[in-house]
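What the coordinates show
One-letter residues, chain by chain:
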Amino acid sequence: MQAKSGIVSTSVSSVSSSRSGSFVAKLLAILSVAVTIIMVDSASVEAKTANPKYAGIVVDAKTGNVLYSENADRLQYPASLTKMMTLYMVFEALEQGRIRLDTPVPFSAHAAAQAPTKLGVRAGGTITVEQGILGLVTLSANDASTALGELLAGSEDRFAQLMTAKAHALGMTRTTYRNANGLPNTAQMTTARDQARLGIALRQHFPQYYGYFSTRAFKFGSRTIRSHNRLVGSVRGVDGIKTGYTRAAGFNLVSSVQVDGKSIVSVVLGGTSGSARDAQMRNLIATYLPKASSRGGNSALMAQATPAPAMIETPAPVQPQKARQPVAPQQVAKTITSAQTPVAAAAAADLSLPHKGPLPDARYQVAEAEVAYTETSAPKSDNPLVAQTMPAPTKVKTTSFKQQAPVAAPAGQDNAAVDHVTTASTSTTPASSAPAGWVVQVGVSPSRQMAMDLLEGAKSKGGKALASAKPFAVAYGTGNDQVYRARFGGFDDQRDAVNACKALKKAGIKCWAAAQ
C-alpha cells in the first residue's frame, strides 16, 4: 500500500508540475504579445511625431468621397505643385484659343534668372508653349513656368493673382499663390484637400491636354529630359500628376490613378525624402484604390470655373502661325521605354482613418449685395465636390465635416475689395446700382471695354434667351489689380437665368447663373 501511495503521490506531483509549467508558458506568451503591441503602438506614435509636416488625402474621383485623410486642411507650402495651377491656366488659354501649342514663349530677364531646376533659356530667347508644358511636367522647370505666366498675364505678380482667383473659383478656398513656379514664398500656401480638387479639375476639365502629365521624357535641343515623377510607368494606372520639393515644404506629390474602372486622386505633402514620399504614395494607392467605386459617378465632378481674363501685355508679339489641333493624350506622352515594376504591396503600418465624408463645397459671400450664394441661389449639383464658381470672393466661408467659422483670407491678401458696378456707355443705369434679379456671368476682363466686347459677342450667340437681358460690367478690386466681370442682368427668376446660361454653353461660352 505504501508503494502504491508513493506511485500516486509521484503521479500527482508530475501532473501538478506539468500544469504549472503550462500556466507559466501561457503567461509568458500573453506578456510577449502585450509587449509587442506596446512596442508597435509606440513605434506608430514615434512615426507620426517624427514627421510633423505630413499631410495626405485620397479622394474617389468618381464620387468625391474621401477614402483617407490626415491633416488634409492644414496650411502647407505647395512647392512645385504650384505648377499644376500654372498648367491649368495654360490649358484654359489653349482651350479658349488665346494661345496655341506652337505660340512662342519669350523669356524675360526675370524668367531667365529663376533658380534651378530650369531649362536654362537665356533672356531674350523663346520656346514654344508645348515645350514649356513638357518642361513643367518633367523637369519642373522654374524658368519656363515664370515665362508662361508672363505670357498669359504680362507679369508674374499679375499671373499669381489670377491663379489665386482661379483657385478660389474651383473651391480651393485655402490656397494662395504668389508666383508661378512654387519657389519659396511664405505667403504661398495650400492644403492637401485643395490639391486633390485641382488634380481632379485638371483631368476632368482638360482631357485633351491631360495626357502631358504622363510624359516620361522629352527632347529639348540636344538634351533628353526625364521626368521627376517615378511612379508614372512603375505603378499600374498612375497617369500623373506632379512632384514638388523645397526645404520648407518637404517632398510633395499628387498622383492620379485610373485602373479597372476605378479612379482616385491621392496627395502626399511634407515627405521626409523623395523615396519616403513615393513609398507612402504607393501604400495609399495599394490600400485605397480597391475601396474606390467602380460604378456611377459624375463625369464632370468638378464644376467649370469662370474663364480667366484675356491675355494682356504680352512681352512680345505672337507671330501668325498655322493653328495646331489638340494632341490626343496617347500621342502627347513622348515616352522612353523603361522597365516596369508591379505595384508595391501595402506596408504593415495602419493607414486607415474613419471615413470623413466628401470634400466640402465652397460658399462665397459677395459684398456688393451682401448676399450669400448658397445652394438655393447658385447652380445646383448633387455632387459633393462641385464648388460654386464665383471668382475671387471677397469673403470666403467653407463647410467641412462640421460647421466652422468663416476662414480668414491668408496674410497679405486684400480682403477689403468691393465690387463697383459700371454699365455700358449706351446704358442709362446709374453706376451705383446693378440690374435686380438673377444674373449670368460669362467672364472676366482686364478692362471695362473688353468686358463689354465679351458681352456683345456672347449676346450675339445667346439668341432669344438673351433678347431682353441687360449687359453690364462689375469692377472688382482696386488700382492695378482691378478686373471687370462681364454679366447679363434683368432675369426675373432662376429658370430664365439658367436657360440663358444653357443657351450660351451650347454656343461654346462658359457661364454661371446666380442671384444678384
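Quick summary incoming for the structure in this document.

Basis of the calculations
- Here the residue numbering is sequential within each chain, running from 1 through the sequence in written order.
- It should be noted that, the model being predicted, local features are given only for residues of pLDDT at least 70 and side-chain atom pairs only at 80 or more, the latter also being counted only at that level, while totals for whole chains, interfaces and linings use all residues.
- Excluding hydrogens and water, the side-chain values take into account all heavy atoms of the structure.
- Here, a salt bridge means any Lys or Arg side-chain nitrogen found within 4 Å of an Asp or Glu carboxyl oxygen.
- Throughout this description, buried means an accessible area under 20% of the type-specific maximum (1.4 Å probe, protein chains only), exposed means over 50%, and partly exposed covers the range between.
- By the criteria applied, helices consist of DSSP H or I runs no shorter than four residues and strands consist of E runs no shorter than two, each listed in order from the N terminus.
- Within this scheme, the nonpolar core is defined by two criteria: the residues are buried Ala, Val, Leu, Ile, Met, Phe, Trp, Tyr or Cys, and they are joined through side-chain atoms within 4.5 Å.
- We call two residues in contact whenever any of their non-hydrogen atoms come within 4.5 Å of each other.
- Defined by distance alone, a disulfide is two cysteine sulfur atoms within 2.5 Å.
- Structural elements are reduced to axes, namely lines fitted to C-alpha atoms, with helices fitted over the stretch in contact, and the angle between N-to-C directions of any two is expressed from 0 to 180 degrees.
- For classification purposes, angles smaller than 35 degrees are called roughly parallel, those larger than 145 roughly antiparallel, those between 65 and 115 roughly perpendicular, and all remaining angles oblique.
- The handedness criterion is simple: a crossing whose near helix is rotated anticlockwise from the far helix by less than a right angle is left-handed, and one whose near helix is rotated clockwise is right-handed.
- We call Asp, Glu, Lys and Arg charged. Ala, Val, Leu, Ile, Met, Phe, Trp, Tyr, Cys and Pro are nonpolar, and the rest, Gly among them, are polar.
- Pairing between two strands is assigned when DSSP locates at least 2 bridges connecting them.
- The span one expects for a helix is its residue count, reduced by one, times 1.5 Å.
- Here a Phe, Tyr or Trp ring, Trp counted by its six-membered ring, pairs with any other such ring whose centre lies within 6.5 Å, and the pair is stacked when the planes are under 30 degrees apart, edge-to-face when over 60, and tilted otherwise.
- A 3.5 Å cut-off defines polar contacts: any pair of N or O atoms within that distance qualifies, except that in protein one atom must be a possible hydrogen donor and the other a possible acceptor, and neighbouring residues in sequence count only when both atoms are side-chain atoms.

Enumeration over the complete set of coordinates arrives at six salt bridges. With its nearest N and O atoms 3.2 Å apart, the salt bridge here joins Asp-102 to Arg-100. Note on Asp-102: relative accessible area 11%, which makes it buried. For Arg-230, the salt bridge goes to Asp-278, with nearest N and O atoms at 3.1 Å. In this pair, Arg-230 sits in the loop between strand S6 (223-226) and strand S7 (238-246) while Asp-278 sits in helix H9 (residues 274-288), placing the two residues 48 residues apart along the sequence. The buried category is assigned to Asp-278, whose relative accessible area is 7%.

This part covers the nonpolar core. Membership of the largest hydrophobic core comes to 64 residues, with the highest contact counts inside it found for Met-85, Phe-91, Leu-94, Leu-119, Ile-133 and Leu-198. Here this core gets nine residues from one element, more than from any other, and that element is helix H2 (residues 82-95). With residues near it in sequence (within four places) discarded, Phe-91 still touches Ile-133, Leu-202, Phe-206, Tyr-209, Tyr-212 and Phe-213. In terms of nonpolar packing, the next biggest core, distinct from the first, is built from 22 residues, Trp-438, Ala-473, Phe-488 and Ala-497 among them.

All told, the structure shown has one disulfide when counted by the stated rule. Disulfide partner of Cys-501: Cys-511, at an S-S distance of 2.0 Å. Across the S-S bond linking Cys-501 and Cys-511, the dihedral sits near 115 degrees, which makes this disulfide right-handed. Residue Cys-501 is located in helix H12 (residues 494-506), and its partner Cys-511 is located in the loop between H12 and strand S17 (512-515); the two are separated by ten residues in the primary sequence. Across this residue pair, the class does not change: Cys-501 and Cys-511 are buried.

Looking now at the packing of helix H4 (residues 129-138) against helix H5 (residues 142-153). At a minimum axis separation of 9 Å, H4 and H5 run at an interaxial angle of 135 degrees. One element, H4, and the other, H5, form an angle in the oblique class. As for the relative orientation of H4 and H5, their crossing is left-handed in sense. In this structure, H4 contributes Val-129, Gly-132, Ile-133 and Leu-136 to the contact, and H5 contributes Ala-144, Ser-145, Leu-148 and Leu-151. Split into classes, the residues belonging to the contact of H4 with H5 amount to six nonpolar, two polar and no charged.

So, about the pairing of S7. For S7, the tally of buried residues reaches eight of nine residues, placing the bulk of the element in the interior. Bridge count for S7 against strand S8 (residues 250-259) is seven bridges, and the pairing is antiparallel. Paired with Thr-246 across the bridge in S8 is Gly-250. The hairpin turn running from S7 into S8, its antiparallel successor, is three residues long.

Taking 1.5 Å of rise per residue, 14 residues should cover 20 Å, and helix H6 (residues 156-169) covers 20 Å from first to last C-alpha, within 8% of that figure. With respect to burial, H6 is a largely interior element, eleven of its 14 residues being buried. For H6, the complete set of buried residues consists of Glu-156, Arg-158, Phe-159, Ala-160, Leu-162, Met-163, Thr-164, Lys-166, Ala-167, His-168 and Ala-169. Immediately beyond the C-terminal end of H6, within one or two residues, lies Gly-171, with a positive phi of roughly 95 degrees.

On to the packing of aromatic side chains. With the rule as written, the count across this model stands at eight aromatic pairs. Measuring from ring centre to ring centre gives 5.5 Å for Phe-91 and Tyr-209, while their planes differ by 20 degrees; the resulting arrangement is stacked. With Phe-91 in helix H2 and Tyr-209 in helix H8 (residues 207-210), this residue pair connects regions lying 118 residues apart in the sequence. Both residues of the pair, Phe-91 and Tyr-209, belong to the buried class.

For the pair H2 and helix H7 (residues 192-205), interaxial distance at closest approach is 11 Å and the crossing angle is 25 degrees. The angle between the axes of H2 and H7 places the two elements in the roughly parallel class. Between H2 and H7 lies a crossing of left-handed hand. In this structure, H2 contributes Met-84, Met-85, Leu-87, Tyr-88, Phe-91 and Glu-95 to the contact, and H7 contributes Gln-195, Leu-198, Gly-199, Ala-201, Leu-202 and His-205. Partitioned by chemical class, the residues of the contact of H2 with H7 number eight nonpolar, three polar and one charged.

Before going further, it helps to examine the environment of Asp-60. Secondary-structure assignment places Asp-60 in strand S1 (residues 55-60). As for Asp-60 and Lys-262, which are separated by 202 residues in sequence, their C-alpha atoms are 8.1 Å apart. A distance of 2.9 Å separates a polar atom in the side chain of Asp-60 from the backbone nitrogen of Lys-62. At 2.7 Å, the side chain of Asp-60 and the backbone nitrogen of Ser-293 are in polar contact.

So, on to the sheet that holds S8. Pairing between the strands of a sheet is mediated by backbone hydrogen bonds and can be parallel or antiparallel. Read from one edge of the open sheet, five strands run S2-S1-S9-S8-S7, paired in antiparallel fashion. Each having just a single partner strand, strand S2 (66-70) and S7 make up the two edges of the open sheet. Within this sheet the neighbouring strands show an average axis-to-axis angle of 5 degrees, counted without direction. Two elements, S8 and strand S9 (residues 262-271), share eight bridges in a ladder whose sense is antiparallel. For Phe-251, the partnering residue across the bridge sits in S9 and is Gly-271.

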